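# Residue-level structure breakdown
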Amino acid sequence: MLITCPYCGPRDVSEYTYQGDGNRTRPDPASTDQEVWNAYVYDRLNPAGEHHEIWQHSGGCRAHLAVTRNTLTHVVSSVSFARDAGHKKSDSRRKTGAKA
Amino acid sequence: MSPRRAISGGRIDRLRTIRFTFDGRPFTGHAGDTLASALLANGVTLFARSFKYHRPRGVLTAGIDEPNALVTVLSGAVREPNIPATMLEIYDGLNVASQNRFPSLAYDVGALNQLGSKVLGAGFYYKTFMGPVIGPLKGTRFWMFCEWFIRRAAGLGSAGLEKDPSRYERMNAFCDVLVVGSGPAGLIAAKAASDSGARVMLAELDATPGGSANWSGETIDGLPAAEWAAETLRDLKARENVRVLPRTTVWGYYDGNTLSAVERVADHRNTPAKGEPRHRHWTIRTQSVVLATGAFERPLVFPGNDRPGVMLAGAALRYVNQYGVLPGQKIAIFTNNDSAYHTAEALKKAGAEIVAMVDVRDDTSVAGREIAREVGGEYLAGHAVVATEGGAQVSGIKVQRINAATGALSGDPRSIHADCLLVSGGWSPTIHLASQAGLKPEWDNDLQAFLPPKPTQNWVGAGAFNGSFSTEKAISEGHAAGLTAAGATDGKADELPSVDADAFDPNPAPVFEIKAKGKAFVDLQHDVTADDVRLAHREGFVSVEHLKRYTTLGMATDQGKTSNIPGLAIMAETLGKPIPDVGTTRFRAPFAPVSVGSLAGERYGDIRPERLTPMYDWHVENGAEFYAAGLWHRPMIYGLSGESVEQAYVRETKAVRGGVGLVDVSTLGKIAVQGPDAGAFLDRVYTNMFSTLAIGKARYGLMLREDGFVLDDGTTWRLGEHDFLMTTTTANAGKVMQHLEYLLDVVWPELKVQLTSVTDQWAGAAISGPKSRDVLAACVTGTKVDNDALPFMGIVYGEIDGAPVMICRLSFSGELAYEVYSGAGHGTHVWQALIKAGEPFAIVPYGLEALGTMRIEKGHVTGAEIDGRTTARDLHLDWMLSKKKPFIGSAMMDREGLVAEDRLQLVGIVSLDNRPLNGGAHIVEELDEANPHGSLGHLTAACYSPSLGKYIGLALVKGGKARQGTRAFISDPLRKRFGPVEIVSHHFFDPEGSRMHG
Ligand SMILES: [Zn+2]
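No experiment lies behind these values; they were computed from the predicted model shown.

## What about the side chain of Asp306 of chain B?
All names here are of chain B. Relative to the helices and strands, Asp306 is located in the loop between β16 (295-297) and β17 (310-312). Asp306 gets classed as buried once you look at its relative accessible area, which sits at 4%. A polar atom in the side chain of Asp306 sits 2.6 Å from the side chain of Arg55. A distance of 3.0 Å separates polar atoms of two side chains, one belonging to Asp306 and the other to Arg57. When residues no more than four places from it in sequence are discounted, the contact partners of Asp306 are Arg55, Pro56, Arg57, Phe521 and Leu524.

Written as structure tokens, this is what we have:
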């Protein structure tokens, strides 16, 4: 599996660290809604197909990348810096607090 | 002359004789022989005993699909089991042992298993070894009781116990077109792709590329096919853009058109050439792939089909044409298709007698009947072989009339004398790699075979792989595939080599099994019979995946290359469904067994890098013994001669508490946190405030994870308005860095903060003890170090013997103490200057044991207590949790389970029997040495405390805060250490902290 880092170019997956589901948005820090926090900390999407994920180029430039990967074929269809893509979260995200 | 070697013919070098040993007996063969061909040439037909019934077995195939003839290669004390004799090239000195026999191949006591074969059927192990529901051998205990006997009786070859002395290596390769298989289709594909300018790799699992051209006996471009292949190969090898890999099995097809292959570089030599590995593993990334992997012939299933002397017809063609070996003298042939007729012709030409041609079909082709007449012997169309005769070798066959449409047998069985029976049940394209990179394979009713699936990756097929079994088609398809794979279109078809070969109809009659009385094997390697398949069905296993697991059909080292389709056909018939409706199992990697050594390559043994601090050499020269702390090597003690470890750390601890000591703290993680939002960022990641910290001051900080558990602790120093130096524990440096990077990149990209790991840039030395200030005063220039200039948690800059240093007054030991940081390059210089300045004060260097002892006495936590399961409250760190601001973990840390009273909480433990305590020992309320139970928690650290004169420890104990002042016991059954202890506060020593503030 190859991921094309916007800085470094196409690199083998062994240079990257998986940093989890990229569909999550951290709740308002002042929020005390336990359901919302529980969803953020513990719930992860696990689709068969396209998935929005965060990968860190830990063996390279160390940037976190927002990666769209097909979990069935490992085809990576888009890569961008997580800090730029931070606000474009997937529509497929469950309502916070809803049961999986 | 060997008894079965034809007088002429074959691609072996008859002038070169090779000597080898099989089961201790010396044999000779020729260069170009495999072990199978050489032994067959010597008249050997018994190669192995079978897996379950220990039945005698010969050699069925001539290639990687071999289920029977597995052998163990011996090299000194090293054993390499389960090597197919058909893939093993002989060399001088080769020493091979047969498998699964006791005491010898010819006389095997395990063959008695056959007498019990009624109980050894499908699912035998599952059924029998469940054991009784009560009693001493209930449930799986019965299995454990029986296992020893079964392991001895069943199984394939056994691996040796010696370390593998061979060298392996791994290679990465990149190309435009990877061609898998070098038969006529693959050769032409490689040529066409290369002509188009593509970088080509051509992988062939056999020693001699050429595939079927090496044994077809056909003529290509006016040359014998084998010579045409050799010439084409010479041409390819001479090209700059082609790399040919013989003896290379492509075994996995992964995403991104990445393929895995193993090259058997030196298995055909007695010893590898200089610099040569035994195996080389290839990871090949390619734009596109040409799959020209050919086809495997299928056996027919009938009683006695496993007797030595029964061989696939296509394999016999290969033995006679490539190796000049006759598999028998009086040969019978049993087929459901036309391909076996060519074998008959070739064998007759080489001098064998064809005693019978048995064909299940009534209406055989004109060409077939013509060949049958030419080769002589009985021609029995509309007949089937219903049994083989003989002991450990075929001596005859029994035939009967068959209706190919219904499978019904009629008439009386009749015997025919023969010493060899060649069988063909049709051909199955080798679609294993395609199955790994494609959708479901498609059933072809004419060929009675699965054809390649639609690709999900960039590959194109050619030749027999596609179900195109003529050489002419292989060449035209190979050419087209090569061009397609290379992205070219303008190849000229009329330049293709001409083929002179007999046309034949590849379609077989749909007959897979002859149902007559007796054991008829489907999977020869795992001893699965046709009746086993039916039994599994009767017992309710209707899915092909379940059937496979229950009968273990196709699950041996050959992965059912000869048995998958016959097994599926029998299953389909039993279910009353067409074969495609039953479905096939997906082929998974690896295509063939892969040596573990080749996967490891050079990555074996202890390959961890070593991290050494700048002062490492000084520690070595001054008698330090080292610990591995993660990758770091840290001094444990600086022992004097004759001192035990305990004596050394007690001496070092006393020296620090009574005077002054110096410890290397360079391994602490250090992260520069810089930028206008650095203070705000630290407020969010630490539980306490940092934005309010004055410049030139340090503060102890605690970090939680999002889920509210403790992540790490350490001090962070404010060096400037926008400039902080964070320290982490040694073990968590990487984890904390990644945590902070994630937060800045993903959660708070708006914060203007830059993180830089500076762990390796700073050398750190902690000077501790009541006289530490005097030592600093004696050597530091450019700043004062008195209590006003350098108060607790203050930071100053100065020089020590000319080297710039940064000094922070903080304490881990509980004594008056300072951390002296210098550039890593000055580390040893500064360290030595401190030692020298400390000499008048009797300074000692101290190691981790003394450091640990002092932290236990003070009740400070480290990684043993911050184990990912403890909260700030568990560790008495509630006072660090700011109520003025949210921080990472603040929303989750108050959850019910995290504030419960009965959680494991940090306590101190004092040994009441004056004997040492061990980390990991359990704490219990009542001692029960015979049946240890009722753990309340465990000791996380233990030492002898010179300050208290007792053995003490820290522990995480259930509801520990409320248990202070009570008695308990330690229970450590592994180390047989039981005894009374007292649970106390974790602050053993100077709880007010007066010493470090002094
Ligand atoms: Zn990068």
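Having put the structure on the table, let's press on.
## Here's the deal with the side chain of Arg69 of chain A
Residue and element names in this part refer to chain A. Inspection of the secondary structure assignment puts Arg69 in strand β5 (residues 64-70). Given a relative accessible area of 12%, Arg69 falls into the buried group. A polar atom in the side chain of Arg69 sits 2.9 Å from the side chain of His74. Arg69 has contacts with Met1, Gly49, Glu50, His51, Glu53, Trp55, His74, Val75 and Val76, leaving out every residue within four places of it along the chain.

## Comments concerning the pattern of salt bridges
Side chains carrying opposite charge are able to pair once their charged atoms draw close together. Residue and element names in this part refer to chain B. For the coordinates displayed, the defined rule picks out 51 salt bridges over all chains. Glu370 serves as the salt-bridge partner of Arg373, at 2.6 Å between the closest nitrogen and oxygen. Here Arg373 and its partner Glu370 are both found in helix α8 (residues 366-375), three residues apart, which amounts to about one turn of the helix. Residue Glu370 is classed as partly exposed on the basis of its relative accessible area of 36%.

## Structural notes on empty space enclosed by the protein
Over the atoms, a rolled probe matching the size of one water molecule traces out where space is still vacant. Residue and element names in this part refer to chain B. In this structure the tally under the stated criterion is eight cavities of 30 Å³ or more. Taken as a whole, the largest cavity spans an internal volume of roughly 270 Å³. Together, 24 residues line the largest cavity, and Gly560, Asn564, Ile565, Thr584 and Phe587 are the ones closest to its centre. Only β16, β25 (427-429), α12 (544-551) and α13 (564-575) provide two or more residues apiece to the lining of the largest cavity. When residues of the lining of the largest cavity are assigned to their parent elements, the largest contribution, five residues, is made by α13. Taken together, the residues of the lining of the largest cavity break down into eleven nonpolar, nine polar and four charged. Taken as a whole, the second largest cavity holds about 90 Å³ of empty space. In terms of lining, the second largest cavity is formed by 13 residues, of which the most central are Arg49, Ser50, Pro67, Asn68 and Leu156. Split into classes, the residues belonging to the lining of the second largest cavity amount to six nonpolar, five polar and two charged.

## Topic: the confidence of the model for chain A
Taken over all residues, the pLDDT of chain A has a mean of 87, while the share at 70 or more is 85%. Taken together, the stretch residues 87-100 of chain A has pLDDT below 50 and engages in 22 contacts with residues farther than four places along the chain or on a different chain.

## Some details on the sheet that holds strand β21 (residues 383-390) of chain B
Backbone-to-backbone hydrogen bonds pair the strands of a sheet. The strands run either parallel or antiparallel. Residues and elements named next belong to chain B. Spatially, three strands are ordered β21-β22-β23 in an open sheet, and the strand pairing comes out antiparallel. Here the strands that pair on one side only, and so sit at the sheet edges, are β21 and β23 (409-417). Put simply, the sheet's adjacent strands are angled 25 degrees from each other on average, direction ignored. In this sheet, strand β22 (residues 394-402) lies alongside β21 in antiparallel orientation, the contact comprising seven bridges. By the bridge assignment for β22, His383 is matched with Arg401.

## What to know about helix α10 (residues 471-486) of chain B
Residues and elements named next belong to chain B. Here α10 spans 22 Å end to end across 16 residues, near enough to the 22 Å set by a 1.5 Å rise per residue. Of all the residues in α10, the buried ones are Thr471, Ala474, Ile475, Glu477, Gly478, His479, Ala481, Gly482, Leu483 and Ala485. Turning to α10, the residues buried within the fold contact β8 (168-180), α4 (184-195), β10 (219-220), β15 (279-291), β28 (459-461) and β29 (499-500). Residue Gly487 follows α10 closely and has a positive phi angle near 75 degrees.

## What to know about the UniProt feature "domain: FAD/NAD(P)-binding" (unreviewed entry) in chain B
UniProt tags residues 176-443 of chain B as "domain: FAD/NAD(P)-binding" (unreviewed entry). Measuring from the first to the last C-alpha atom of residues 176-443 of chain B gives 31 Å, for a span that is 24% helix and 38% strand.

## Regarding the environment of Lys654 of chain B
Residues and elements named next belong to chain B. Tracing the sequence through the fold places Lys654 in helix α17 (residues 645-658). Relative accessible area serves as the criterion here: at 53%, Lys654 is assigned to the exposed category. Placed 292 residues apart in sequence, Lys654 and Pro946 show a C-alpha to C-alpha distance of 6.8 Å. Discounting residues that sit within four places of it in the chain, Lys654 has contacts with Gly659 and Pro946.

## Brief notes about the nonpolar core
All names here are of chain B. In terms of nonpolar packing, the biggest core is built from 59 residues, with Leu35, Phe47, Leu94, Tyr319, Leu347 and Leu422 touching the most fellow members. Among the elements that make up this core, the one with the highest residue count is helix α6 (residues 313-323) (seven residues). In contact with Leu94, not counting residues within four places along its chain, are Arg19, Phe20, Thr21, Leu35, Val73, Leu88 and Glu89. One finds Ile637, Leu848, Val910 and Ala941 within the second-largest nonpolar core, a separate group that totals 48 residues.

Rules behind the numbers
- Residues numbered from 1 in each chain as written.
- Chains lettered and ligands numbered in written order.
- Predicted model: local features only at pLDDT ≥ 70, side-chain atom pairs only at ≥ 80, totals over all residues.
- Heavy atoms only, no water.
- Helix = DSSP H or I, 4+ residues; strand = E, 2+ residues; numbered from the N terminus.
- Buried < 20%, exposed > 50% of the residue type's maximum accessible area, 1.4 Å probe, protein only.
- Polar contact = N/O pair within 3.5 Å; in protein donor to acceptor, adjacent residues only side chain to side chain.
- Contact = heavy atoms within 4.5 Å.
- Salt bridge = Lys/Arg side-chain N within 4 Å of Asp/Glu carboxyl O.
- 1 Å grid on protein atoms, 1.4 Å probe; cavity = no way out; pocket = protein on both sides within 12 Å on 5 of 7 lines; lining within 4 Å.
- Points joined across faces, edges and corners; volume = space filled by probe spheres on them.
- Nonpolar A, V, L, I, M, F, W, Y, C, P; charged D, E, K, R; others polar.
- pLDDT = per-residue confidence, 0-100.
- Pairing = 2+ DSSP bridges.
- Axes fitted to C-alpha atoms, helices over the stretch in contact; angles between N-to-C directions.
- Expected span 1.5 Å × (residues − 1).
- UniProt positions renumbered as here; feature names shortened; annotations may be inferred.
- Core = buried A, V, L, I, M, F, W, Y, C linked by side-chain atoms within 4.5 Å.

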